[in-house]
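# Residue-level structural notes
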Amino acid sequence: MAIVRAEPTGVPPTVTTVTNTPPTVPIFCWREFACGWGAAFVNITVTYPIYKMIFRQMLHGVQLTQAFGQLRGEGMTYLYRGIFPPLAQKTISLSLMFGVYDSTRRPLVEYCHVNPYTAKTVAGMVAGTFEAALMPFERVQTLLADATYHQKYRNTHHAFKIIILENGIKELYRGLVPVLWRNGPSNAMFFVLREEADSRLPKRVSILSQRTQEFVAGACIGAFISSLFYPLNVVKVTMQCRVGGPYDSMWTALRHVYNERDRKLRNVYKGVSMNCTRAFFSWGIMNTAYEQLKKVFY
């Protein structure tokens, strides 16, 4: 755009050219990656024992009291067995989730002028797909949490070694399809709902009230999404608790679970109440920790 500046009589006017350059948007904002990593670390160390009870319900279709009895019978020695894979996977996963989401959404909005809701959806799907690259950690975590493999796999490193030697790297990605169906849509839904809540809920004067609001907002959104996608987690666990042999499709695994559980949808959702409780506290903790870490890094 050219701007003509008026000058005194007899002096030629000055023409200044102004270019409309888009704002500079860094491709990667390390602070978002750091906030996601820290939030996941806090969450996993607190909620891992609850995860193990949910896992046993998913795998065996048992009641909460029976799952608790299994863990109590195994003792404290095995309570945190298998925590390293989710700790490694979730810290990196949440780091990618927030970092890739932010690095995808902002250029779409500021450079390409994409509709904000479309940008959030696309960015969430991209972030979820990136997270799927960490699936081998989730795969090993599933095997270490299953009592069937307590004697076969001593720890995370040993499990990786044996699986790769006996079955190849492909075995680490068994159950990839339900993971992709879960990650992308759930991430997109989470970010849309989270940012809607952040913009519509009132800003609290009291620090405690604001932290409580952040916890409850993250907790409710996380519990809702986790419950909605729960059947995909059941299918994933069923597929991943098998080592070697043919690779069943997601739909074959879903039919197997449905038939095995008396052809009742209610039985497919066994464990959902505990899963919802865990997700409530898990996402509440993560959302609050993330917001606090943003204040530290920004």
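Residues numbered from 1 in each chain as written. Predicted model: local features only at pLDDT ≥ 70, side-chain atom pairs only at ≥ 80, totals over all residues. Heavy atoms only, no water.

Under the convention used in this document: UniProt positions are given in the numbering used here, feature names are shortened, and annotations may be inferred rather than shown by experiment.
If you look the protein chain up in an unreviewed UniProt entry, it shows as Mitochondrial carrier protein from Anopheles christyi. Listed under Sequence similarities (unreviewed entry) in UniProt, the entry text for the protein chain is "Belongs to the mitochondrial carrier (TC 2.A.29) family." One UniProt comment on the protein chain, placed under Subcellular location (unreviewed entry), says "Mitochondrion inner membrane".

### Overview of the UniProt feature "repeat: Solcar" (unreviewed entry) in the protein chain
Counted only if it meets this: Helix numbering and strand numbering both begin at the N terminus, where a helix is a DSSP run of H or I of at least 4 residues and a strand a DSSP run of E of at least 2.
Mapped onto this numbering, the UniProt entry annotates "repeat: Solcar" (unreviewed entry) at residues 27-107, 115-200 and 209-296. Taken end to end, residues 115-200 has its terminal C-alpha atoms 19 Å apart, with 74% of it in helix and 0% in strand. The distance from the first to the last C-alpha atom of residues 209-296 is 19 Å, and the span holds 81% helix and 0% strand.

### Things to note about the packing of aromatic side chains
Inclusion rule: Pairing of aromatic rings covers Phe, Tyr and Trp, the last through its six-membered ring, and needs centres within 6.5 Å; plane angles under 30 degrees mean stacked, over 60 mean edge-to-face, and all others mean tilted. Here the term buried applies to any residue with accessible area under 20% of the maximum for its type, exposed to any over 50%, and partly exposed to those in between, with areas from a 1.4 Å probe on protein chains only.
By the definition in use, this model includes 13 aromatic pairs. Centroid distance tyrosine 101 to phenylalanine 191: 3.6 Å. Interplanar angle 5°. Geometry classified as stacked. Residue tyrosine 101 is found in helix α4 (residues 84-110), and its partner phenylalanine 191 is found in helix α8 (residues 176-200); the two are separated by 90 residues along the sequence. The pair tyrosine 101 / phenylalanine 191 is uniform in exposure class, with both members buried. Summarising the aromatic geometry, the rings of phenylalanine 280 and phenylalanine 281 are spaced 5.5 Å apart at their centres and angled 85° between planes, so their arrangement reads as edge-to-face. We classify phenylalanine 280 as partly exposed; its relative accessible area is 27%.

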